[in-house]
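As a plain string of letters, each chain reads:
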Amino acid sequence: MLVHKPGDSTGVVITNIAVGEKVAGLVTENNTGFELEACSNIPLGHKIALKPVAAGEKIIIYGWSCGYASQPISAGEHVHVHNMKSARWR
Amino acid sequence: MAGLTFQGYRRENGKAAIRNHVTIIPVDGVSNAAAKNVSKIIHGAEALVHPFGELQFGRDLELFFQTMTGVGSNPNVAAAVVIGMEPDWTDKIAAGIAGTGKPVASFYIERAGDLAVIERAARKTKEFIHYASEIKPREINLAEIILGIKCSESDTTSGLGANPTVARVLERMLDWGATVMFGETSELTGAEHIIADRFKSLEEQEKFRQAYNEYTSFIENEHASLLGSQPSQGNIHGGLSTIEEKAFGNIQKLGNALIDGVLAPAEPPPDKGFWFMKTSSAAPEVLTLFAAAGATLQIVSTGQGNIVGCPVTPVIKLSANPLTVSTMSEHIDLNVSGLLTREITIEQAGDMLMDMVLRTAAGRLTSSEVLGHREFLPTKLFRSA
């Protein structure tokens, strides 16, 4: 999984990930590695939550707000249109 | 590196070209048949068919003329044949193109019919093909390329791989004194403040803000939302969830380059440097507008795999999505999926794209050219009369 910036809420998985799989992560900006357990199946190119996000809280990607959580999200969960919404177009 | 050159073409008005097309331009939708028939008879001539050019008015008509004249004037076009129903609009487009000094001829279908026009236009097109085939290649500096950049069918791999690769190339080319255009007004939503801050002058920054707000009001006046269109269904399949996320991925292709100014749709950049053009985000429309503004080369970074091309410019396509580069490899000129697996660095990816730019300028045909992707789509601003 690749993460743009330290502090981002999500990373992008670069292979298909199954529930319970341990995913190796890398923050591209500073090349720091970490590991996280997936709690959803996540297809290649989709996002995984790096930490819990409360409903209504901003989701940070590229170091910037890219929308908000429309329901509570757990660390390791698939983040997409079912639980993430635009703050601009509704 | 700034002294990089390639064998290209020098037009009558001094502009540099990387292709040597003879182009047949129908003025209106009903002239497409004659234009297409000429292109069937004369090998190597391309007809730019489109459905517009009738009863347009006001700003929409001005943009139509600017697009048709602009595409014919594009340095990659060696000579142009214009075919329309009647002389006034046909000659207006032909005269605009003739201002570049290149050979142009016009033909009118009223009082002649398709068959007579096809014969006359085919004879003239044949002459132009002979003419173009004898233009001697000249040494051209890479900085004379006018580049259009666009991302399309984006996904999360675009922001991680293909777009930062494009940024490396445009930053280098701008340092060398090239001209680069980007657009996609709606696709900056969420990151528009960052783009606004990159304008070199407050005046152009204000023009950008106005352009962005004008687009937003247009959507509001339609009582519509771009939700469902931006991000597109393809973007969503690829993992992009919101317009903000798509916009931040999009602007990765701009690097840290400062922006010189704002262009109206199809407006040629007044000088070298980095220019924002007011465009839709639909690839064929954007590539057509950049070509009309004089772009001689275009780069499209893609995630899910847009297959688009342009009839007058090569389009280099690159992708970092491992599925796209394996399942649609024939459409992708440059595979940078190694960026995701960390097998290549962003600097290496930038070098690979720079090399592809040089090879394309020197004559390598792009996937879009070889596969016949020559989408031509003038932007229509509003309903006709």
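The name given to chain B in an unreviewed UniProt entry is D-galactarate dehydratase, and the organism recorded there is Desulfotomaculum copahuensis. Listed under Sequence similarities (unreviewed entry) in UniProt, the entry text for chain B is "Belongs to the UxaA family."

Asker: So, the UniProt feature "domain: D-galactarate/Altronate dehydratase C-terminal" (unreviewed entry) in chain B: which residues are in play, and what are the values?
Answerer: Taken from the UniProt record, the annotation "domain: D-galactarate/Altronate dehydratase C-terminal" (unreviewed entry) applies to residues 143-381 of chain B. Helix and strand shares over residues 143-381 of chain B are 39% and 13% respectively, and the end C-alpha atoms of the span are 33 Å apart.

Asker: Tell me about the sheet that holds strand 5 (residues 77-84) of chain B, and name the residues and values.
Answerer: All names here are of chain B. The parallel open sheet is built from 4 strands, whose spatial order is 4-3-5-6. With one partner strand each, in any of the chains shown, strand 4 (45-47) and strand 6 (104-108) form the two edges of the open sheet. For this sheet, the mean inter-axis angle between neighbouring strands, taken without regard to orientation, is 20°. Sitting on the sheet, helix 4 (residues 114-133) is in contact with strand 3 (21-26), strand 4, strand 5 and strand 6, with an inclination near 175° to strand 5.

Asker: Describe the nonpolar core, naming the residues involved and giving the relevant values.
Answerer: All names here are of chain B. In this structure, I145, M173, I299 and V357 are the most contacted members of the largest nonpolar core, which totals 68 residues. No other element matches helix 12 (residues 346-361), which puts 8 residues into this core. Once you skip the residues sitting within four places of it in the chain, I145 turns out to touch F6, I18, M173, A178, T179, T296, L297, V357 and A361. Listed in part, the 37 residues of the second largest apolar core include L61, A94, V286 and V300.

Asker: For the UniProt feature "domain: D-galactarate/Altronate dehydratase second" (unreviewed entry) in chain B, give the residues involved together with the corresponding values.
Answerer: If you check UniProt for "domain: D-galactarate/Altronate dehydratase second" (unreviewed entry), the listed places come out as residues 8-132 of chain B in our numbering. End-to-end, the C-alpha atoms of residues 8-132 of chain B are 13 Å apart, and along that stretch the chain is 46% helix and 22% strand.

Asker: Kindly report on unusual backbone geometry, identifying the contributing residues and their values.
Answerer: Among all residues save glycine, negative phi is the norm, and among peptide bonds the norm is trans. All names here are of chain B. With omega at -5°, the peptide bond leading from Q230 into P231 counts as cis. Its place among the elements puts P231 in the loop between helix 7 (202-221) and helix 8 (233-237). In this structure, E184 takes a positive phi of about 70° despite not being glycine. Here E184 is to be found in the loop between strand 9 (179-182) and helix 6 (192-196). Assessed through its relative accessible area of 0%, E184 is described here as buried. Positive phi values are uncommon outside glycine, yet R342 reaches one of about 60°. With respect to the secondary-structure elements, R342 resides in the loop between strand 14 (334-335) and helix 12.

Asker: Hey, could you go over the side chain of E369 of chain B for me, with residue numbers and the actual values?
Answerer: Residues and elements named next belong to chain B. Following the sequence through the fold, E369 ends up in helix 13 (residues 367-370). Classification of E369 by relative accessible area gives buried; the value is 9%. Reaching out from E369, the side chain makes a polar contact with the side chain of R19 at a distance of 2.8 Å. Discounting chain neighbours no more than four positions away, the residues touching E369 are R19, P314, R364 and R374.

Asker: So what's going on with the domain arrangement of chain B? Which residues, and what values?
Answerer: Residues and elements named next belong to chain B. Each assigned domain of chain B is listed with its residue range as follows: domain 1 (21-134) and domain 2 (144-370). Each of domain 1 and domain 2 was reduced to a C-alpha centroid, and the two centroids are 29 Å apart. Every contact between the two is made by 13 residues of domain 1 and, on the other side, 15 residues of domain 2. With both sides pooled, the region where domain 1 packs onto domain 2 buries about 1,000 Å², and carbon together with sulfur makes up 62% of that total. On the domain 1 side of the contact with domain 2, Q66, N74 and N76 bury the most area, a combined 38% of that side's loss. On inspection of domain 1 and its partner domain 2, the count reaches 0 salt bridges. Counting the contacts that link domain 1 with domain 2 gives 5 residue pairs in polar contact (both at pLDDT 80 or more). Taken together, the elements giving at least two residues each to the side of domain 1 that touches domain 2 come down to strand 3 and helix 2 (58-73). Here the element with the most residues in the side of domain 1 that touches domain 2 is helix 2; it accounts for 5 residues.

Asker: Would you mind going over the packing of aromatic side chains in detail, with residue names and values included?
Answerer: Enumeration according to the criterion identifies 10 aromatic pairs over all chains in this entry. Between Y62 of chain A and F248 of chain B the ring centres are 6.1 Å apart and the planes differ by 25°, which places this aromatic pair in the stacked class. Taken together, the residues Y62 of chain A in the loop between strand 6 (58-61) and strand 7 (64-69) and F248 of chain B in helix 9 (residues 243-250) connect one chain to another. A relative accessible area of 8% places Y62 of chain A in the buried class. In this arrangement the basic side chain of K92 of chain B is found over the ring face of F65 of chain B, its NZ or CZ atom lying 4.7 Å from the centre.

Asker: So what about the sheet that holds strand 11 (residues 273-277) of chain B? Which residues, and what values?
Answerer: Strand pairing within a sheet occurs via backbone hydrogen bonds; the two strands may be parallel or antiparallel. Residues and elements named next belong to chain B. Spatial ordering of the open sheet is given by 10-11-9-8-12-13-14, a layout of 7 strands whose pairing is parallel. Each of the sheet's edge strands pairs with one partner strand only, and the pair in question is strand 10 (261-263) and strand 14. Sheet topology note: the strand 10/strand 11 ladder contains 3 bridges and is parallel. Bridging across to strand 11, G261 finds its partner in W275. Where helix 5 (residues 156-175) meets the sheet, its contacts fall on strand 8 (146-152), strand 9, strand 11, strand 12 (297-302) and strand 13 (315-319), and the angle it forms with strand 12 comes to roughly 155°. Packed onto the sheet, helix 12 meets strand 12, strand 13 and strand 14 and runs at close to 160° relative to strand 13.

Conventions and cut-offs
- Residues numbered from 1 in each chain as written.
- Chains lettered and ligands numbered in written order.
- Predicted model: local features only at pLDDT ≥ 70, side-chain atom pairs only at ≥ 80, totals over all residues.
- Heavy atoms only, no water.
- UniProt positions renumbered as here; feature names shortened; annotations may be inferred.
- Helix = DSSP H or I, 4+ residues; strand = E, 2+ residues; numbered from the N terminus.
- Pairing = 2+ DSSP bridges.
- Axes fitted to C-alpha atoms, helices over the stretch in contact; angles between N-to-C directions.
- Contact = heavy atoms within 4.5 Å.
- Core = buried A, V, L, I, M, F, W, Y, C linked by side-chain atoms within 4.5 Å.
- Buried < 20%, exposed > 50% of the residue type's maximum accessible area, 1.4 Å probe, protein only.
- Polar contact = N/O pair within 3.5 Å; in protein donor to acceptor, adjacent residues only side chain to side chain.
- Domains from an automatic or database assignment.
- Buried area = accessible area lost by both parts, 1.4 Å probe.
- Salt bridge = Lys/Arg side-chain N within 4 Å of Asp/Glu carboxyl O.
- Phe/Tyr/Trp six-rings, centres within 6.5 Å; stacked < 30°, edge-to-face > 60°.
- Lys NZ or Arg CZ within 6 Å of the ring centre and 35° of its normal.

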